[in-house]
Each structure stands twice: as C-alpha cells, then as structure tokens.
Amino acid sequence: MAEEKKIIAKKDKEINFRDLTTCDATIQMLEKAKRDGVETAFDRAVSMKACPIGANSACCKHCSMGPCRLNAKDPYGKVGVCGATIDTIMARNFARMVASGCAAHTDHGMSMLDLFREVVNGNIQDYKIKDTVKLEEVARSIGIETEGREMMDIAKDLYKELERTYTQVEGEIPFADRVPAKTLETWRKLGIVPRGSMREIMEIMHRTHMGVDQHYENITKQCSRTALADGWGGSMVATEISDILFGTPSPISIEVNMGVLKEDYVNVIVHGHEPNLFESMIESCNEQSLIEEAKKAGAKGINLAGMCCSGAEVLVRHGIPHAGNFMSTEAVLVTGAVDVMCVDVQCIKQGLAKVAECYGTPLITTNPRCHIEGATHIEFHEHNPKDCTDEVVIKAISRFKNRKAKVEIPQIRNIGVHGFSHEYIKYMLGGTFRASYRPLNDNIINGRIRGVAGVVGCTNPRVKQDWVHVELVKELIKNDVLVVQTGCSQVALAKAGLTTPEAAVMAGPGLREVCETVGMPPVLGIGSCVDNSRILIACAEMVNEGGLGDSIADLPVAGAAPEWMSEKAISIGPDFVASGVYTVFGVTFPIVEETKFYKLLFDGLEKQGLGKWGFSPDPYELARMMIDHIDKKRKALGIDKARERVLMDMADRQKLEVA
Ligand code: NFS
Ligand code: SF4
C-alpha cells in the first residue's frame, strides 16, 4: 500500500500539464482538478500504458480457441490457433473498426432521416424545412424532378430515395450520382460501390467472423465499400438533411474556448452529435418563461454553449459559442460553472459522470442509445422535443440556485469565422452571379494555391492536445495549402486564432493573396465530422469544374486526422482513401509495419486507382508528406511550372515593393 502511494506521488510530480495539452484553459482546469483531487482522462492516459500488441492490432479474440496474440517483431513467425495470419487478423480488426465507425455515422444520419420523414408526413410540427433551395438542389443532384413541383412532393420523393442509402439490398446508393465519372468507374471495376449501409455493415461483420474471409485483400475491399457507404452515404445524408431542416451554414463570427462560460448566468452545455437535440435546446434557452425563472434564481440569464461535434454543427449554423473539443469535456466541468451538461451520442466519456458528480453538475443523457451509469436520463423525443430540453434547463436553473462548487472560469475567448459549406465556398470565390469552383481551380492551376488539405478529427490524450493539429495546419498554410476543417480539429485551430481572415499573414504569399482578395481565413471551418462529406462534394465539384484531372485521385489534395482516437475516424479514413485522397493519420496506426496488409494500404491501393494511407506522429513530417503528394499531383497534371512562375513573379514584386 505504502509502496503504491509512493508511486502515485512520483507520477503526480512527473505530470506537467503543459506536456499534455497546448490549450491554456484546459491546463488551468487540469491544475484545478489536481487541487480538487479530481481525475481526468489525461491522468488515466498517463497511468494506463497502451497495450503494444493491441496497438499493433496483432491480437484476435473472434473465437474462444483464442484469444490469440501474434508477435509484431516476427509477424510471420506465428499464426492464430485457427491458422489466421497476421494479415488476416489485422485486416479483420481494421474492418470491424470501419463497421463500427460507419454504423455510428449512418445511425446518426438515419436519425436525421427519421426526423425528416416525420416532418414531411406532418407528424412533427416543432421542426420545419428551413432551406428549400438546398432541398431542391439535393433532390436534383440525385435525379429527382423539381421543376414546377410542390415542395412537400419533392421532399417526399427525396425521403424515399435517401432511405435507400440504408436499406437497399442491391444497386448503388443514391449519392453515387454525385461521384465524378472516372472515380465511379474505378469503384465499379473494383466492385466497391456501396449498396445500402445496413447491408455493407452486415456483410463486414459476417466476413470477419471466425473462418470466413481470410484474404486481407478481399477484406480491404469490403472496408472500402463500407467506408464509402459512410462518407457518400450515411454521413452525407446527415449533413444534407440537417442543412435542409436547420439551414445551410454560411460564414459567421464565432467565439470558442472556456471563456464563453459566464459566471453570473445559468450555463448549459450540449455535447454529442445529433443536431436535433441542440436545435431544441436553443429554443428552450430562449424561452421567455425559463429566462424569467433563471432571473428569479439570481442569474442574469441563460448561456448556451456547445462541445465536440454537436457544438461544431450549431457553431457553423447559428454562431452558438463553443466551449472546447473532445479532450476538454471533463476539464470544462472543473470550472464549477457548468449548471448542466446534456449529451446524446458518441465521444461522451464515461468519466464525465464522476467529474460532474464532484462539481454537483447534473449530467443528462437524452438518447435511448446512450445511458450512462450515474447520469440522469431524460429521454428526448422529436415529436415533443421541448419536453426534454425544457426539463434540462429547469435542472440547470436549480443547480445554479444551489451552486456549491467554487467557480473558476479560464478567461480565454477566441474569435474566428466559420461556416464555409461547400455551397458557400462556391459563392465566396465566384460571387453570387457566377458561383462556381472555377476561381478555386484557376488559383490552383496558376499556383497561388498549391493544393487543398482537409485536416479533421479528434483530440487524444496520447498526444499533446491540439498541438499536432495546429502545427500541421500552420505548416500547410505557410506552404500555400488551403486548409478545410471539421470536428474537433477546427476548434483546436479556432483556439489558436487561425480561423480569422487576419491569419492570412501566416500563409505563404500565394494563399495569402487569395485570402486577402476574398477576405477569407486560410483555414476554413466547415462543421462536424459527418460534414466531412462536404469535403467530398467539394472534391467532386473541383473535378467537374475541369482542369484538375478526371477523378478525385488526380486532384492536388490530401487529408489528415493527426490526433484521431475514434473508430469513426477509421471509417472516414478509408472513405477518403477509396475516394482517391491521400490520407495521413497521426498518434498511432493499428498495423504491423512491412506486412502485406500494410503494403496494400500504404501503397497498393494507389496502384488500383484509389488514394492511399500515410502515417506519422510528427506534424512537420505529416505536412511534408502531404505537400510532397500535392506536388506529385501537380506535376502529373502538368501545372507544377505555373506555380514556379507565380512565386517568381511574387518575389519580383516584393523586391520592387522593398525597393
Ligand atoms: Ni469526430 Fe465528433 Fe471529436 Fe473525434 Fe469525437 S467529437 S464525430 S470522433 S472526438 S472529431
Ligand atoms: Fe485465434 Fe483464429 Fe479464434 Fe482469432 S479466430 S481467436 S486467430 S483461433
């Protein structure tokens, strides 16, 4: 026992919070948590070493002849009891992560579609179709006639079509119509055009059962097919339906960081993923009778903020302040200022329950799919959404009245401009009257913009929070690469102040010129993780606009999830790779290097006409890999010389200006 105490004391001394995160607000709260004797995921990540065999994906527990552990140092020296090789085991594990990630996104998308159906059928009155222009655009994009038709008729047809994204047993998912012809041709040749996501997920689970698919190449094909059913299926439906119901984002000034909490207000935090809960919470927090209640309790009013992807959605749609990304969700409770944290699904750490309890903050689960031991469950029904959200606000008011915890709010607030939907990027660059991707393509062709990078995904206590994202993005924009962002990554960059038009000074001369002309930031926040589908659509539009090749694989673009942690990232990864994008991950990669499966992902897929994977834990190396790839694509397109000319001209101009 004494021995144990000594170890804990030593560990405590060793933890320097600055090594764990670059988020100053989170550091301040981790220090407070330590004083308060409260443990977070940061502490647990230090004390729980990641299992090296699992990290390499060299173990299998798909049957009770095992679990079997193989040796990463001698990967072909041993096989599982059934004879499964390292490649089979890694590919199966990977496939199940894809299935789980795809299931998360598609189930979220299906909830949005359920809501849409009920709105269209008139069974739900609290939500309405807000963006009719988008409704028509989406309908037209999959071949639904819109000319001279009633909005509700179009909506009914759209629902019927999009349902196929999930339930179709044979044929191609509807949004396959949006895929550039050559990319689609490659998919058809490889047999990876998704049918319906339910079918693809079911098949992956079947094929990875003991004794079924035991060829890593064949398993990888089903990974691609399932991942495409996420990105061009479930995720895309989630984004498009949410835009139709709640509005398509356009640039809006936003505030992020824990300083958005207000000591003298009732603070309500919504954390999770499905925007229907948040939209209703916005209504409840603006409800006059509840504001009166809050005032009676001694508060100045009700203050609503988001976290994680729910937060990212309402950040870009309505400019609702955002309190922080995934690794700050426990830290925000340590402020003592949160009067309620209301969650739905995904990325909700079970550890929140304990931290919330320590500070007397009610943690409310609302979704039938996600209960947490120790939290209060108030179920959210979209037929009567405010029943739930009003009750949550009442709980928050009561907690405010009885606040016992000492309040300490880090006084840090960062301003940015977010909300660059792919539609808006079109208007922004092309103007209202000639909205198109032409100016973006032209600026890429003439070399001012070297290429485009999507930097997305989670934060993870195994690496310094936010640091990898921020350093990677800084490096990219310095090299004239325009960055688009979703999820927790964009919040990291917003906190670092890079999502303002003024941040253009940190960009290379070409990108800077474009940003300054248009008045846009060099880093464009576009929404939550399901909104990665906006990046795919933007890629498709760039191909269709012309001049940058015939398929997404020809584009000078790359993607990165430098601090990823969730299985959803392992679904989005192969989605981008199969779409033709070079996709790099940080932190760790669940694979044994130099195995056949490794060579397929990191090299072989590209030879099949798809994208490929890359990995490095180092942001500068990641940037180098992405830029090299972009340059390789520029060369293949024959536009590498144009860039040299532009840069030469710029240098001459700068010389003149100096003279
Ligand atoms: Ni994306 Fe959203 Fe954040 Fe990662 Fe989690 S919130 S869906 S998974 S941690 S970016
Ligand atoms: Fe072991 Fe094969 Fe069973 Fe996996 S499926 S646990 S490798 S015997």
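Per-chain numbering applies: the sequence of each chain, read as written, is numbered from 1 onward. Chains and ligands are labelled sequentially in the order written, the chains with letters from A and the ligands with numbers from 1. At least 70 in pLDDT is required for a residue's local features to be given in this predicted model, at least 80 for side-chain atom pairs to be given and counted, and no such filter applies to totals for whole chains, interfaces and linings, which use all residues. Excluding hydrogens and water, the side-chain values take into account all heavy atoms of the structure.

### Regarding the site of ligand 2
How we decide: By convention in this text, a residue qualifies as near a molecule or strand provided that one of its non-hydrogen atoms is within 4 Å of it. Classes in brief: Ala, Val, Leu, Ile, Met, Phe, Trp, Tyr, Cys and Pro nonpolar; Asp, Glu, Lys and Arg charged; the others, Gly included, polar.
Around ligand 2, the structure places 13 residues, and the nearest of them are C60, C63, C68, C82 and M210. Split into classes, the residues belonging to the shell around ligand 2 amount to nine nonpolar, three polar and one charged.

### Focus: the coordination of the nickel atom of ligand 1
Test applied: Atoms of type N, O and S within 2.8 Å of a metal are treated as its donors, and for Na, K and Ca the window is 3.2 Å; water is not considered, so some sites may appear to be missing partners. Tetrahedral means four donors with every angle between 85 and 135 degrees, whereas square planar (four donors) and octahedral (six donors) require angles over 155 degrees between opposite donors and between 65 and 115 for all others; sites fitting neither are termed irregular. Secondary structure counts use DSSP, requiring at least four H or I residues in a row for a helix and at least two E residues in a row for a strand, with both numbered from the N terminus.
Inspection of the coordination sphere of the nickel atom of ligand 1 shows a single protein donor, C529 (SG), at 2.2 Å. Taken together, the four donor atoms surrounding the nickel atom of ligand 1 define angles of 89 to 159° at the centre, an arrangement classified as irregular. Positionally, C529 belongs in the loop between β13 (523-527) and α23 (532-545).

### Details of the domain arrangement of the protein chain
We apply this condition: Per the annotation, domain bounds derive from an automatic or database assignment of domains. Contacts are assigned to residue pairs with any non-hydrogen atoms lying within 4.5 Å of each other. A 1.4 Å probe defines the accessible area here, and the buried area is the portion of it lost by two parts on being joined, summed over both. Throughout this description, the term salt bridge denotes a Lys or Arg side-chain nitrogen within 4 Å of a carboxyl oxygen of Asp or Glu.
Split into domains, the protein chain comes out as domain 1 (86-246), domain 2 (258-401) and domain 3 (416-658). Using C-alpha coordinates to define each centre, domain 1 is positioned 30 Å away from domain 2. With 18 residues of domain 1 in contact, the opposing surface of domain 2 contributes 15 residues. Of all residues in domain 1, H108, Y127 and F246 give up the largest surface area on contact with domain 2, accounting jointly for 39% of the area buried on that side. The interface formed by domain 1 and domain 2 holds two salt bridges in total. Across the salt bridge formed by R317 and D243, the nearest N and O atoms sit 2.9 Å from each other. Where the side of domain 1 that touches domain 2 is concerned, the elements lending two or more residues are α6 (86-120) and α11 (216-246). Here the side of domain 1 that touches domain 2 gets nine residues from one element, more than from any other, and that element is α6. Looking at side-chain class alone, the side of domain 1 that touches domain 2 contains six nonpolar, six polar and six charged residues.

### Some details on the nonpolar core
Heads up, the condition is: We define a nonpolar core as any set of buried Ala, Val, Leu, Ile, Met, Phe, Trp, Tyr and Cys residues linked to one another through side-chain atoms lying within 4.5 Å. Partly exposed residues are those whose accessible area sits between 20% and 50% of the maximum for their type, while under 20% is buried and over 50% is exposed, using a 1.4 Å probe and protein chains only.
With 166 residues, the main nonpolar core has F116, W232 and L476 as its most contacted residues. Per-element accounting of this core gives the leading share, 17 residues, to α6. Filtering out sequence-adjacent residues up to four positions away, F116 remains in contact with I129, L135, A155, L158, Y159, I241, I244 and L245.

### Description of the pairing of strand β4 (residues 266-271)
For a regular strand, side chains alternate in direction, first toward one face of the sheet and then toward the other. Rules: Strand pairing requires that DSSP identify at least two bridges connecting the strands.
Of all six residues in β4, six are buried; the element is thus mostly enclosed. Covered by surrounding structure in β4 are V266, V268 and V270 together with N267, I269 and H271, the residues of both alternating faces. Pairing analysis gives six bridges linking β4 to strand β5 (residues 302-307), with the strands arranged parallel. Paired with H271 across the two strands is M307, which belongs to β5. In this structure, β4 lies alongside strand β7 (residues 338-343), joined through five bridges in parallel fashion. Each bridged residue has a counterpart across the sheet, and for V268 the counterpart in β7 is V340.

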